[in-house]
Amino acid sequence: AQKITQTQPGMFVQEKEAVTLDCTYDTSDQSYGLFWYKQPSSGEMIFLIYQGSYDEQNATEGRYSLNFQKARKSTNLVISASQLGDSAMYFCAMKTGFQKLVFGTGTRLLVSP
Amino acid sequence: DGGITQSPKYLFRKEGQNVTLSCEQNLNHDAMYWYRQDPGQGLRLIYYSQIVNDFQKGDIAEGYSVSREKKESFPLTVTSAQKNPTAFYLCASSIGGQGGEQYFGPGTRLTVT
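Notes on the structure in this doc start here.

Cut-offs applied
- Residues numbered from 1 in each chain as written.
- Chains lettered and ligands numbered in written order.
- Predicted model: local features only at pLDDT ≥ 70, side-chain atom pairs only at ≥ 80, totals over all residues.
- Heavy atoms only, no water.
- Helix = DSSP H or I, 4+ residues; strand = E, 2+ residues; numbered from the N terminus.
- Rg over C-alpha atoms; globule rule 2.2 N^0.38 Å.
- Buried < 20%, exposed > 50% of the residue type's maximum accessible area, 1.4 Å probe, protein only.
- Areas by Shrake-Rupley, 256 points an atom, 1.4 Å probe, with all protein chains shown as cover.
- Lys, Arg positive; Asp, Glu negative; His and termini not counted.
- Charge placed at Lys NZ, Arg CZ, Asp CG, Glu CD.
- Contact = heavy atoms within 4.5 Å.
- Buried area = accessible area lost by both parts, 1.4 Å probe.
- Salt bridge = Lys/Arg side-chain N within 4 Å of Asp/Glu carboxyl O.
- Polar contact = N/O pair within 3.5 Å; in protein donor to acceptor, adjacent residues only side chain to side chain.
- Core = buried A, V, L, I, M, F, W, Y, C linked by side-chain atoms within 4.5 Å.
- Pairing = 2+ DSSP bridges.
- Axes fitted to C-alpha atoms, helices over the stretch in contact; angles between N-to-C directions.
- Phe/Tyr/Trp six-rings, centres within 6.5 Å; stacked < 30°, edge-to-face > 60°.
- Lys NZ or Arg CZ within 6 Å of the ring centre and 35° of its normal.

Moving on, we come to the overall build of chain B. Looking only at helices and strands, chain B has 0 helices and 11 strands in total. Here chain B has a C-alpha radius of gyration of 13 Å; the compact-globule value for 113 residues is 13 Å, and the two agree. Burial status across chain B gives 46% buried among its 113 residues. When the accessible area of chain B is evaluated, it comes to approximately 5,600 Å², of which 47% is carbon and sulfur surface. Of the charged side chains in chain B, 11 are positive and 11 negative, and the gap between their average positions amounts to 8 Å.

Moving on, we come to the interface of chain A and chain B. If you look at the interface, chain A gives 17 residues, while chain B gives 21 residues. For the pair chain A and chain B, the two sides together bury roughly 1,600 Å², of which 57% comes from carbon and sulfur. Put simply, chain A and chain B have 0 salt bridges between them. Applying the counting rule to chain A against chain B returns 3 residue pairs in polar contact (both at pLDDT 80 or more). Broken down by secondary-structure element, the contributors of at least two residues to the side of chain A that touches chain B are β5 (33-39), β10 (88-95) and β11 (101-103) of chain A.

So, about the nonpolar core. Side chains that are nonpolar tend, in soluble globular proteins, to be buried together. Ranked by size, the top nonpolar core spans 24 residues in total, and within it W36, I49, L77 and Y90 of chain A carry the most contacts. Broken down by secondary-structure element, the contributors of at least two residues to this core are β3 (19-21), β5, β6 (46-52), β8 (64-69), β9 (74-79), β10 and β12 (107-112) of chain A. Ranked by residue count, the leading element in this core is β10 of chain A, at 4 residues. In terms of nonpolar packing, the next biggest core, distinct from the first, is built from 20 residues, I4, I46, Y47 and V78 of chain B among them.

Below, the discussion takes up the pattern of salt bridges. Applying the stated criterion to the full structure yields 5 salt bridges over all chains. The closest approach of N and O atoms between D86 of chain A and R63 of chain A, which form a salt bridge, is 2.8 Å. Of the two residues, D86 of chain A is situated in the loop between β9 and β10 and R63 of chain A in the loop between β7 (60-61) and β8; the sequence distance between them amounts to 23 residues. For R36 of chain B, the salt bridge identified is with D38 of chain B, shortest N-O distance 2.9 Å. D38 of chain B matches R36 of chain B in its accessibility class, with the two residues each being buried. Salt bridges sharing common partners tie together R36, D38 and R44 of chain B.

For the bond running from S7 of chain B to P8 of chain B, omega is -10 degrees, close enough to zero to count as cis. Topologically, P8 of chain B is positioned in the loop between β1 (4-7) and β2 (10-13). At K16 of chain A, a position not held by glycine, the phi torsion is positive, near 80 degrees. Among the structural elements, K16 of chain A can be located in the loop between β2 (10-14) and β3.

All names here are of chain B. The strand order across the open sheet formed by 4 strands is β1-β3-β8-β7, and the pairing between neighbours is antiparallel. Single-partner strands in this sheet number two, and they are β1 and β7 (64-66). Adjacent strand axes in the sheet meet at a mean angle of 20 degrees, parallel and antiparallel pairs treated alike.

This part covers the pairing of strand β11 (residues 108-112) of chain B. All names here are of chain B. As judged from the 4 bridges shared by β2 and β11, these two strands associate in the parallel manner. Pairing of R13 across the sheet is with V112, part of β11. In this structure, strand β9 (residues 87-94) lies alongside β11, joined through 3 bridges in antiparallel fashion. By the bridge assignment for β11, F88 is matched with R109.

In this section: the packing of aromatic side chains. According to the stated counting rule, one finds 14 aromatic pairs over all chains in the structure shown. Pairing Y33 of chain B with Y48 of chain B gives two aromatic rings, centres 6.4 Å apart and planes at 15 degrees, and the pair type is stacked. One end of the pair, Y33 of chain B, is in strand β4 (residues 31-37); the other, Y48 of chain B, is in strand β5 (residues 43-51), and 15 residues separate them in sequence. Accessibility expressed as a relative area gives 16% for Y48 of chain B, which makes it buried. Ring geometry for Y35 of chain B versus F104 of chain B: centroids 5.6 Å apart, planes at 40 degrees, classification tilted. Here F104 of chain B lies in strand β10 (residues 103-104) and Y35 of chain B lies in strand β4, a separation of 69 residues in the sequence. Like F104 of chain B, Y35 of chain B is buried. Feature note: the residues F35, Y37, F47, Y50 and F103 of chain A together with Y33, Y35, Y48, Y103 and F104 of chain B constitute an aromatic cluster, connected by ring pairs. Here R63 of chain A stacks its cationic end above the ring of Y64 of chain A, 5.8 Å away from the centre of that ring.

As structure tokens, this is what we get:
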């Protein structure tokens, strides 16, 4: 069975600092995709970044990057130069083949001035 | 603008009544999904549809029903059989198949008293 674990219920960071949100996953499949979503207080889920299991390079998307360590089954999200608008819930998710997207329980990030 | 719309944003119902949540997308996506989110929790899959006129149960389908008569529309009915219907409901779509991130609508917050 596929499982996503996010062990940090909450994280604090000062504006302009970098922050790393942890995510580990469990699957026996060789081919899978890893996703990160942001959920502001308004409730919508915003897609941030994707990493495929066969991608050799760590994914980057603007201020977002992934520290993908396949052997350790972890895909940590790094947000550089944090902004006040980054305060939100962040969810890690995984999809294997035609299977459904499985979500972690999320990490609440608070960015202070 | 392409996107996913859910209406209404807030919905109130009396216990024992069925209620239908709307989800429409104009992204030309084949696959559509319904998730439920409870406070402080991740998303749990209720139903998904990979193609018109076909849908499958997710992890928590009991007390819910769906239809997929048109590619653009995937309404969710919360029946009186659902024991704890009060929750935040999110609809999503994707290109389908093995790839593609899911794009989410703004969500509907359902309160049943």
